[in-house]
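Descriptive structure summary
Residue-level listing of the chains:
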Amino acid sequence: MTLELVTGNHAAGYALSVAGEANRGARGAACGIYPITPQTEIVEFVAKYPFSKGRVIAVESEHSAMGVSIGASMAGARAFTASSSNGLAYMTENIMVAGFYRLPIVLAAVNRTLGPPWNIWADQGDTLYLRDFPWIQLYCETNQEVLDSTLLAFRLAEDRRILLPVMVVMDAFILSHTQMETELPEQELVDRYLPPLSLPHELNLNRPTTVGGLTWPRETMSQRIEVDEAMERVPAVYEEHRASFKQIFGRDPGAAVSTFETEDAESVLVTSGTIASTALEVVRGRRAAGEKIGMVKMKMFRPFPGDRLLDACPHVRKFGVLDRDYAAGLGGVWWHDLRATLQGPRDGAMVQNYLTGVCGGDVTPAMINEVIDDLLARRSAGKPVWKGIDK
Amino acid sequence: MTTSIELEKSPIACSEECLIRPGNTNCGGCGMSVGLNLLSRALAKAGQRCELVIPACCGIVTAGGYPTTGYSVPVLASTFAASPAFASGVAAVRDLNNEPQQVICWAGDGGTYDIGMATLSAAAERNENFIYICYDNEIYGNTGGQRSSATPVGAKTTTTPSGKIESKKDIMAIMAAHRIPYAATLSAAHPEDFLRKLDTGLHMNGFRFFLIHSPCPTGWKSEPAESIELVRLAVSSGLFPVYEVFDGWRYRINIKPTGADPVEYYRRQNRFPIDAMDLDAIRKHASASNERLARLAAVFPVAN
């Protein structure tokens, strides 16, 4: 295992490539790729990779990039791609198909503000808006977490109890273009972690079925229920593959929900992505000063691990949710899902939304301190609070 | 009283060689169904099998409702615009694993001329190793008959209620311009030529494109029993040139027009408001198109 200084894009590109290479003893790897800032380096990495048994097809659009990966996956190969922002929007129809076809495709997604106007900086709106499709979504805080989560994503996606595609998500530039010390595992270790892919519903000449043809309402509903049951299984199966990851690589790829001093906290900040790093430093300081505050980092967004969050925060009465996204007419998406989770099991808890770093603005320690001051002083929740701008 | 039919002896008996099985709900006189049967015969003669990739079109309706399938081979339904992308992925993995079966896109004109144009162009430019067959009924048939860019000038559709003003897109010229190994037009009125050219394509590698003139009685407002006669008239009057192009460069006319007047073709289809159409302009256009092709075939002939 070698420790190198690499960008988040490099980490994702490396992980996709070695995962694809690990399937060389089976049906190989194949994928469609298309560039968009800030993920382009990921697909460049994949395009340069000397696969023993693989084909990387540089296509004409994100829609086709996912289309090629769907065809490759359906034919039994390990398939993946990467995209960002409007590219994800353009890819959306086939993103949906990959999920409903139950294909174990891994998508490296770099969060970039959806346009217009033209903006290349970090905002989670481009992946959060895909929340209603049958995809697992994992958000990352470091380049190591990007690499580890990508490898884990294949294991999780290909598990026959799951068979759902996985999106591994990172912030534009803050991770994608920033070098961090990252352990790049050797192929041999990856081979041990990722068994050859065997897709139960692979196209088969001796079993002529029409994949995706007409189904009646009852049968279609059954298919949705199967997705729902697979989603229900995800948190437990994730833990299994997290444990085996630790055994093979000697590192923890991260929990679905990780916490800092939440056991006795009365107030917590709920964060995701790189905002978690900044928030943790501030929360640690306020804790040291005697304030009963904790922090939650949400890695898993779909399925929404609400139970785990509740279990980790037994005494919390005030939740401050930091969203680097804005759903028009609503507020933050994480906030919305958390409010739904708390209703019933935690009626009476206060849930306040802070829109921080939306459209790529910096989220500074000073801003986090303002958020904490506001949260602690509040007696009731109000509308989402826009931070980083004078309204 | 009921009569039981021994399936093996019935006229609709189906062998493994038959791509579409009995019991499908396709319309009488449907050119697509004839095309699928001719494709079955070509595959059987070549001793080959196939996997189909089908976007939204009557071809995917042919499969029928889950869990049955109207096809005897695996079918992957693609999104409307993306059948060449899906097929690129399937064909890539087939080639990585040295498997012999053909990957064939089976798509209508909407999925080919319109929404799938960019995807088709890109797969052709990459010279992906699969066959693309467009059965062109010159209309969005599934949705009840709207214009596509394959709809001929003059034709009434639900979105061109007074007749289409624009000419039909020349998809063969577009595909030839990609310099793909093989492109050919197919007419069900000339099955020997149809089968011969499919066989040519089945024995080549790279991107192969076929265009079938596919009658649609529902959309064409024509008699189902006259479907083959109609496409024969389209060939004899020069409205549908039957030819093949190798490497986008060398041309061969397979069936020469006889100089028949196209008026008969139009008269037999109620989609054409024949009294309001400029038939002279249509005759001139067809004549010029065929002359252009004849010259190309003379100057850039197929080497024997």
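Residues numbered from 1 in each chain as written. Chains lettered and ligands numbered in written order. Predicted model: local features only at pLDDT ≥ 70, side-chain atom pairs only at ≥ 80, totals over all residues. Heavy atoms only, no water.

1. Things to note about the overall build of chain A
The helix and strand tally for chain A stands at twelve helices and 16 strands. Relative to the 2.2 N^0.38 estimate, which gives 21 Å for 391 residues, the radius of gyration of chain A is 21 Å and therefore close to what a compact globule would have. Seen through its C-alpha atoms, chain A measures out along the principal axes to roughly 65 × 50 × 45 Å. Across the 391 residues that make up chain A, the buried fraction comes to 60%. Contacts in chain A between residues far apart in sequence, at least 24 positions, make up 83% of those at least 6 positions apart. Put simply, chain A has 38 plus and 47 minus side-chain charges, and the middle of one group is 3 Å from the middle of the other. (Helix = DSSP H or I, 4+ residues; strand = E, 2+ residues; numbered from the N terminus. Rg over C-alpha atoms; globule rule 2.2 N^0.38 Å. Buried < 20%, exposed > 50% of the residue type's maximum accessible area, 1.4 Å probe, protein only. Contact = heavy atoms within 4.5 Å. Lys, Arg positive; Asp, Glu negative; His and termini not counted. Charge placed at Lys NZ, Arg CZ, Asp CG, Glu CD.)

2. Examining the nonpolar core
I95, Y101 and F319 of chain A together with F207 and F209 of chain B are the most contacted members of the largest nonpolar core, which totals 143 residues. Each of domain 1 (2-249) and domain 2 (257-386) of chain A gives at least three residues to this core. Dropping the residues within four chain positions of it, F207 of chain B is found in contact with L120, A123, A124, N127, E128, F130, Y132, M175, I180, P181 and Y182 of chain B. Ranked by size, the runner-up nonpolar core spans 57 residues in total, among them L152, A157, Y238 and F249 of chain A. (Core = buried A, V, L, I, M, F, W, Y, C linked by side-chain atoms within 4.5 Å. Domains from an automatic or database assignment.)

3. Quick notes on the sheet that holds strand 15 (residues 350-355) of chain A
Residues and elements named next belong to chain A. One open sheet accounts for six strands, arranged 10-12-11-14-15-16; its pairing is mixed. With one partner strand each, in any of the chains shown, strand 10 (257-260) and strand 16 (385-386) form the two edges of the open sheet. Judged from the two bridges that link them, strand 15 and strand 16 form a sheet pairing that is parallel. When the bridges of strand 16 are listed, L355 appears paired with W386. Sitting on the sheet, helix 9 (residues 275-288) is in contact with strand 10, strand 11 (267-271), strand 12 (293-298) and strand 14 (318-323), with an inclination near 165° to strand 12. (Pairing = 2+ DSSP bridges. Axes fitted to C-alpha atoms, helices over the stretch in contact; angles between N-to-C directions.)

4. A word on unusual backbone geometry
Residue P303 of chain A follows R302 of chain A across a cis peptide bond; omega there is -5°. By secondary structure assignment, the location of P303 of chain A is in the loop between strand 13 (300-302) and helix 10 (306-312). Following Y66 of chain B, the chain continues to P67 of chain B via a peptide bond in cis, the omega torsion being 5°. Structurally, P67 of chain B can be placed in the loop between helix 2 (58-61) and strand 2 (75-77). Positioned with a positive phi, L163 of chain A is a non-glycine residue whose angle comes to about 45°.

5. Description of the interface of chain B and chain A
With 37 residues of chain B in contact, the opposing surface of chain A contributes 39 residues. Between chain B and chain A, roughly 2900 Å² of surface is buried when both sides are summed, and carbon and sulfur atoms account for 63% of that area. Summed over the shared surface of chain B and chain A, the number is three salt bridges. The shortest N-O distance in the salt bridge between E99 of chain B and R27 of chain A comes to 2.8 Å. Between the two partners, chain B and chain A, sit twelve residue pairs in polar contact (both at pLDDT 80 or more). Among the secondary structure elements, those contributing two or more residues to the side of chain B that touches chain A are strand 1 (50-54), strand 2, helix 3 (83-96) and helix 5 (117-125) of chain B. It is helix 3 of chain B that provides the largest number of residues to the side of chain B that touches chain A, a total of eight residues. Of the residues assigned to the side of chain B that touches chain A, the class counts are 21 nonpolar, ten polar and six charged. Pairing analysis gives two bridges linking strand 9 (residues 210-211) of chain A to strand 2 of chain B, with the strands arranged parallel. (Buried area = accessible area lost by both parts, 1.4 Å probe. Salt bridge = Lys/Arg side-chain N within 4 Å of Asp/Glu carboxyl O. Polar contact = N/O pair within 3.5 Å; in protein donor to acceptor, adjacent residues only side chain to side chain. Nonpolar A, V, L, I, M, F, W, Y, C, P; charged D, E, K, R; others polar.)

6. Let's talk about a negative patch on the surface
All names here are of chain A. Side chains of E226, D228, E229, E232, D307 and D311 sit close together on the surface and give a patch of like negative charge. Residue assignment for the negative patch shows that the elements contributing at least two residues are helix 8 (217-249) and helix 10. Sort the elements by how many residues they give to the negative patch and helix 8 lands first, with four residues. Within the secondary structure, D307 is located in helix 10. On the basis of relative accessibility, which here comes to 60%, the residue D307 falls in the exposed class. (Patch = residues over 30% accessible without salt bridge, like charges linked within 9 Å, V, L, I, M, F, W, Y side chains within 5 Å. Areas by Shrake-Rupley, 256 points an atom, 1.4 Å probe, with all protein chains shown as cover.)

7. Some details on the pattern of salt bridges
The full count for this structure, using the stated rule, is 43 salt bridges over all chains. Residues R286 of chain A and E291 of chain A are paired through a salt bridge, measuring 2.5 Å at the closest nitrogen-oxygen approach. Accessibility expressed as a relative area gives 11% for R286 of chain A, which makes it buried. Here E244 of chain B makes a salt bridge to R252 of chain B, at a shortest N to O gap of 2.9 Å. What emerges from the salt-bridge pattern is a single network uniting D193, R196, K197, E244 and R252 of chain B.

8. Observations concerning the packing of helix 1 (residues 8-21) of chain A against helix 2 (residues 40-48) of chain A
Residue and element names in this part refer to chain A. Where helix 1 meets helix 2, the axes come as close as 8 Å, and the angle between the chain directions of the two elements is 35°. Seen along the crossing, helix 1 lies across helix 2 with a hand that is right-handed. Packed against helix 1, whose contacting residues are N9, H10, A12, G13, Y14, L16 and S17, the element helix 2 presents E41, I42, F45 and V46 at the interface. (Left-handed = near helix turned anticlockwise from the far one by under 90°.)

9. Focus: the sheet that holds strand 7 (residues 242-246) of chain B
The nine strands are arranged 9(A)-2(B)-1(B)-3(B)-4(B)-6(B)-5(B)-7(B)-8(B) in an open sheet whose pairing can be described as mixed. A strand with exactly one partner marks an edge of an open sheet, and here the two such strands are strand 9 of chain A together with strand 8 (250-255) of chain B. Sheet analysis places strand 3 (residues 102-108) of chain B next to strand 4 (residues 131-136) of chain B, joined by five bridges and oriented parallel. Its bridge partner being in strand 4 of chain B, C105 of chain B is matched across the sheet by Y132 of chain B.

10. So, the packing of aromatic side chains
Residue and element names in this part refer to chain B. Tallying each qualifying case throughout the model produces 24 aromatic pairs over all chains. Ring centres 5.5 Å apart and planes at 25° place the aromatic pair W106 and Y135 in the stacked group. You can see W106 sitting in strand 3 and its partner Y135 sitting in strand 4, a full 29 residues away along the chain. Taken individually, W106 and Y135 each receive the classification buried, so the pair is uniform in this respect. Ring plane angle 75° and centroid distance 5.7 Å describe the contact between Y182 and F210, whose orientation is recorded as edge-to-face. Within this pair, whereas Y182 is found in strand 5 (residues 182-187), its partner F210 is found in strand 6 (residues 208-213), the two being separated by 28 residues in sequence. The burial state of Y182 is the same as that of F210; both residues are buried. (Phe/Tyr/Trp six-rings, centres within 6.5 Å; stacked < 30°, edge-to-face > 60°.)

11. Some thoughts on the environment of F319 of chain A
All names here are of chain A. Examined against the element boundaries, F319 turns out to sit in strand 14. Judged by its relative accessible area of 0%, F319 falls in the buried class. Residues F319 and E202, spaced 117 residues apart in sequence, show a C-alpha to C-alpha distance of 45 Å.

12. Let's talk about the pairing of strand 4 of chain B
All names here are of chain B. With six of six residues buried, strand 4 is to be regarded as a mostly interior element. Of the two faces of strand 4, the one holding I131, I133 and Y135 and the one holding Y132, C134 and D136 are both buried throughout. Bridge count for strand 4 against strand 6 is six bridges, and the pairing is parallel. When the bridges of strand 6 are listed, I133 appears paired with F210.

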